[in-house]
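Chains, contacts and geometry: an overview
Given next are the chains, with one letter for each unit.
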Amino acid sequence: MRLKYYVASAVAALVLLPLAVIHGVLRASLPQLDGKVRHAALNAPVTIERDRLGVPTIVAANRTDLAYATGFVHGQDRFFEMDLSRRLAAGELSELLGKVAVEQDEKARLFRFRSIARAVIQQATAEQRAIIEAYAKGVNAGLSSLRSRPWEYWVLGSPPVEWVPEDTILVEHAMWWDLQANGLRREMLRHEINARLGGTECDAGWKCALRFFYPARTEWDAPDGASTGPVAAGFEVALPTTGEVPGPDVLNVRAATGTTTAGVSATGAPRVPAVGSNNWAVAGRLTASGAALVASDMHLGQRVPAIWYHVRLRTTGTATRPGLDLNGVTLPGAPPLVAGSNGHIAWGFTNSYGDWLNVELVPCMSVGENELHTASATVALSTERETIRVRGGPAVIMEVKSGPAGVLLQADPSRQTCWFAAWLAQLPAATNMNILALEHAGSVDEALALAPGIGIPHQNFVVGDREGHIGWTIFGRIPTDIGAERSNGHSPWTSVENHPRIVDPPAGRIWTANARVTADEREETAIGGDLASLGAEYDLGARAQQIRDDLLALKGPATPADMLRIQLDDRAVFLTRWKDLLLGLLDADSVRGHPRRAAFRKLLESWQGRADVDSVAYRLVRAYHDRTQDAVWEMMARALKIPSDDQRMLPMQFEAPLWQLVHGQPLHMLAADFPNWREFLLAQLDATAAELEKSCGRLEQCTWGSRKVVRIQHPVSHGLPFLSPLLDMPALELPGDHDMPRVQDGAFGASERFAVSPGHEDQGYFQMPGGQSGHPLSPYYRAGFLQWAHGQPLPFLPGTAEHTLTLQPD
């Protein structure tokens, strides 16, 4: 017995000793939360209080010290996240992660964002540079205050690299990348469709074939009421102007060869999702507080730690300049408040689709060092060499070539295909820190006046003030040129006089959800450029329309609780017509002799009209819609000879032509594999049912929640899955979907939720899918996650201080 005891003790020591060492190293990288620390870079003392959720309240005497302390807490809690962001934009991930990241780095290096970031810093005002430099010093001080490097760097075996001012601009460029880079592929797809349709342009009237795939209006459009005014059922909007179905002389799907694979979509790869968010504002005359009420939930890929950092930022002010009191979210890596309230105004953002980049196809025969040859001309090129350092491997040298039409994205002379791209993100003048001025805006008018000069990736900015006014505009610099010169830096920018805006619409409500916001033709052209007549790749609009209807249906003065109910609205308004289509398709003739179809119909009859986790009917309808959409697009794409890589991209408004085809059922737009559209639709149903049975075992077990369990993960757990229980948020089934206010699709959804009236911040709420800290041993690592998941409001303002750290100047 003693021998067994000794052996067990020895084994335990062998196992526990390394674990104890690892635990000790991990604990050493936890931040200091209490006490006093001296910092030479400060002008006056700064206090950092943290509440029970780890939300800091930072109080400083001036804006530069406030920036320093913001950088300090970001460096303490989120340095690894910040590091990944700057490296993503700069194309420097391989230096940390190795060869697995080389392909991504090569894509980013084409745009040379680090050199652009340096130029942005140079053009900043002296005050902005002082804030950015103080922030960088604070980040490095926060990082060096840890007794051990952040734990991720021990896992990766690399030391962290200090923060420099240009890195803050790179974090902004990372948002450009996340929000707009997919537009390059979408623009290439549009050019390819146009070329296959004979190069028809849309100045030939409403019969333009390209407009069928890119409709300027659809029935889902719900622009704000400033341009149209309210009517009994909502807002009066222009009738849909979807294009006519192209005739067989333009596009004959039936005559094309190899258009389908037995009715089952063959693309295989998942669709590239559109980036989307919700925000809206209610005028003070319709709210309980009398101030405007602003709600925001920005939809992004969800990860650990969370994208945003909840914070309260205060300065004590001087006799000549009032103090600041900023509440909301910051983006780790940058000092400004991104969304929230300054006590006078509250604001939020959604991504604005529009014409922010341009691609051009050049029929190249050869590509050399300094020139490109076509059949009839020579195009001069400039070349820059970029070195991508690769951890554990040799460096990669790549050449970045540029011509008159922009940077050379792709070159395949064997196919006479060279794609050039010009993107506003490449212009130093398109990115800046002018958003810092928003901190001092005292009214809607003052905030909107800042818009033309604010350089960020283009956003729908919705704002309300404590006097009850509300407004909308685009934050992000807009060129006045609407043609090919729009994105290459040769166009002037809009000014206050011609920048899009809406102020105090008659309905007293403004909403945006990545769809069309304005119905004013001049403003549409400013946003969409020469794509305005093709819908400018706006989101479909079903989500925006449902938000609009929810806002119009409010009874009595609006409160923050009303805003949360709208944000959590998972009613299946958009898919209801597809449920009705299925019930009509599954008539007595179609189910006779088909028990699987009969079972499908029976389950449809349990439809409750919500994307609820327990709903089988919702999952069946969504699966059928998506398969039918993919199969129809596959027929179109193959007939148009769209390259297979680009078939993952659907035009954003494809629902409109899809519905036209499914109901109009023109035979020349159907693959020859099927005798008629009814048989095609039934084939999609059979394929949907077979796939669901394969996934679930039986159809009745296919609940919506089990389709994509929400797994919000730390990047490290992807490579080390055994650490998932320690690093990741709890895996949950959650309600919601696309095309409704509550967006949730696996780990894509609301990156935060809040509603607040300026001057009444104590009545607002806040939610975030994760905690403040990026350290798994911190009590703040998961704090607030379950409240976000279950839709339970937490206070917008930080609570009582549980920890206080004072930074003192030397």
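Every value quoted in this text rests on a predicted model; they were computed, and no experiment measured them. (Residues numbered from 1 in each chain as written. Predicted model: local features only at pLDDT ≥ 70, side-chain atom pairs only at ≥ 80, totals over all residues. Heavy atoms only, no water.)

We now examine the pattern of salt bridges. For the structure shown, the criterion picks out 45 salt bridges. In this structure, the salt-bridge partner of Asp589 is Arg592, at a minimum N-O distance of 3.0 Å. We classify Asp589 as exposed; its relative accessible area is 54%. Overall, Arg592 belongs to the exposed group, its relative accessible area being 55%. For Glu700, the salt bridge goes to Arg698, with nearest N and O atoms at 2.9 Å. Through salt bridges with shared partners, one network takes in Asp83, Arg86, Arg87, Glu92, Glu95, Arg114, Arg118, Glu166 and Asp167. (Salt bridge = Lys/Arg side-chain N within 4 Å of Asp/Glu carboxyl O. Buried < 20%, exposed > 50% of the residue type's maximum accessible area, 1.4 Å probe, protein only.)

Let's shift gears to the sheet that holds strand E19 (residues 417-423). Reading across the sheet, the five strands line up as E12-E19-E18-E17-E16 and stay open at both edges, with antiparallel pairing between neighbours. Where the open sheet ends on each side, the last strands, each with one partner, are strand E12 (357-362) and strand E16 (382-388). Each strand axis lies, on average, 35 degrees off the axis of its neighbour in the sheet, ignoring direction. The sheet contact formed by E12 and E19 spans six bridges and is antiparallel. Paired with Leu361 across the two strands is Trp419, which belongs to E19. (Pairing = 2+ DSSP bridges. Helix = DSSP H or I, 4+ residues; strand = E, 2+ residues; numbered from the N terminus. Axes fitted to C-alpha atoms, helices over the stretch in contact; angles between N-to-C directions.)

So, about the environment of Phe796. Among the secondary structure elements, Phe796 is positioned in the loop between strand E27 (794-795) and strand E28 (803-809). Along the chain, Phe796 and His310 lie 486 residues apart, while their C-alpha atoms are 9.0 Å from each other. Apart from residues lying up to four places away in sequence, Phe796 is in contact with His310, Asn327, Gly328, Gly340, Ser341, Phe754, Val756, Glu761, Gly764, Tyr765 and Phe766. (Contact = heavy atoms within 4.5 Å.)

Of all the five residues making up strand E10 (residues 337-341), five are buried; the element is thus mostly covered by neighbouring parts of the structure. Here strand E9 (residues 325-330) pairs with E10 via four bridges, running antiparallel. Of the residues in E10, the one forming a bridge with Asn327 is Ser341. Hairpin geometry of E9 and E10 is characterised by an intervening segment of six residues between the two adjacent antiparallel strands and by a positive phi of about 115 degrees at Gly333. In terms of strand pairing, E10 meets strand E11 (residues 345-351) through two bridges, oriented antiparallel. Across the sheet, Ser341 pairs through a bridge with Ala346, a residue of E11.

Attention shifts here to the state of the cysteines. Taken as a whole and judged by the stated rule, the model has two disulfides. With its sulfur 2.1 Å from that of its partner, Cys364 forms a disulfide with Cys418. In this structure the cystine formed by Cys364 and Cys418 twists about its S-S bond by roughly 85 degrees; its chirality is therefore right-handed. Of this pair, Cys364 sits in strand E13 (residues 364-367) while Cys418 sits in strand E19, and the two are 54 residues apart along the sequence. Take Cys364: its relative accessible area is 0%, and that puts it in the buried class. With a sulfur-sulfur separation of 2.0 Å, Cys696 is cross-linked through a disulfide to Cys702. On the sign convention where negative means left-handed, the S-S torsion of about 120 degrees between Cys696 and Cys702 marks this disulfide as right-handed. (Disulfide = S-S within 2.5 Å.)

Glancing now at the confidence of the model for the chain. Considering every residue of the chain, the mean pLDDT works out to 90; 91% of them sit at 70 or more. In the model, residues 3-17 has pLDDT below 50 throughout and makes two contacts with residues more than four positions away in sequence or in other chains. (pLDDT = per-residue confidence, 0-100.)

All right, on to the packing of aromatic side chains then. Per the counting criterion, the structure on display carries 23 aromatic pairs. Seen in terms of ring centroids, Phe79 and Tyr153 are 6.2 Å apart; in terms of plane orientation they differ by 50 degrees. Their pairing is tilted. Within this pair, whereas Phe79 is found in helix H2 (residues 63-90), its partner Tyr153 is found in helix H7 (residues 151-156), the two being separated by 74 residues in sequence. Judged by relative accessible area, which is 2%, Phe79 ranks as buried. On the accessibility criterion, Tyr153 (0% relative accessible area) is buried. Seen in terms of ring centroids, Tyr618 and Trp704 are 4.9 Å apart; in terms of plane orientation they differ by 80 degrees. Their pairing is edge-to-face. (Phe/Tyr/Trp six-rings, centres within 6.5 Å; stacked < 30°, edge-to-face > 60°.)

Structurally, Ser85 is set in helix H2. Not counting residues within four places of it along the chain, the set of residues in contact with Ser85 comprises Leu170, Val171, Ala174 and Arg303.

As a further point, take the sheet that holds strand E21 (residues 470-475). The strand order across the open sheet formed by 11 strands is E1-E28-E2-E3-E8-E9-E10-E11-E20-E21-E22, and the pairing between neighbours is mixed. Every interior strand has two partners, whereas the edge strands, strand E1 (35-39) and strand E22 (501-503), have only one. Going across the sheet, the axis of each strand differs from the next one's by a mean of 25 degrees, ignoring polarity. Here strand E2 (residues 46-50) runs beside E28; their pairing, made up of five bridges, is antiparallel. Bridging from a neighbouring strand, Thr47 pairs with Thr806 of E28.

The next thing to look at is the packing of H2 against helix H4 (residues 102-109). Two measures define how a pair of helices packs: the angle their axes make with one another and the distance between the axes. In the contact formed by H2 and H4, the axes pass within 7 Å of each other and the chain directions differ by 65 degrees. For the pair H2 and H4, the contacting residues are Arg87, Leu88, Ala89 and Ala90 in the first and Gln104, Asp105, Ala108 and Arg109 in the second. A class-by-class count of the residues in the contact of H2 with H4 yields four nonpolar, one polar and three charged. (Nonpolar A, V, L, I, M, F, W, Y, C, P; charged D, E, K, R; others polar.)

Counted by the stated rule, this structure contains nine cavities of 30 Å³ or more. Each pocket or cavity is described by its volume, and for the largest cavity that value is around 350 Å³. Around the largest cavity, the lining is made up of 21 residues, and of these Met175, Trp308, Leu331, Val338 and Ile456 lie nearest the centre. In terms of residues, the lining of the largest cavity owes the most to one element, helix H8 (residues 165-180), which gives four residues. Of the residues that constitute the lining of the largest cavity, the class distribution is 14 nonpolar, six polar and one charged. (1 Å grid on protein atoms, 1.4 Å probe; cavity = no way out; pocket = protein on both sides within 12 Å on 5 of 7 lines; lining within 4 Å. Points joined across faces, edges and corners; volume = space filled by probe spheres on them.)

Right, let's get into the environment of Trp607. Looking at where Trp607 falls in the secondary structure, it is placed in the loop between helix H17 (595-604) and helix H18 (616-639). Residue class for Trp607 comes out buried when judged on its relative accessible area of 16%. The sequence separation of Trp607 and Thr576 amounts to 31 residues, and the corresponding C-alpha distance is 9.2 Å. What Trp607 contacts, discounting residues up to four positions off in sequence, is Ala572, Leu575, Thr576, Lys579, Ala617, Tyr618 and Val621.

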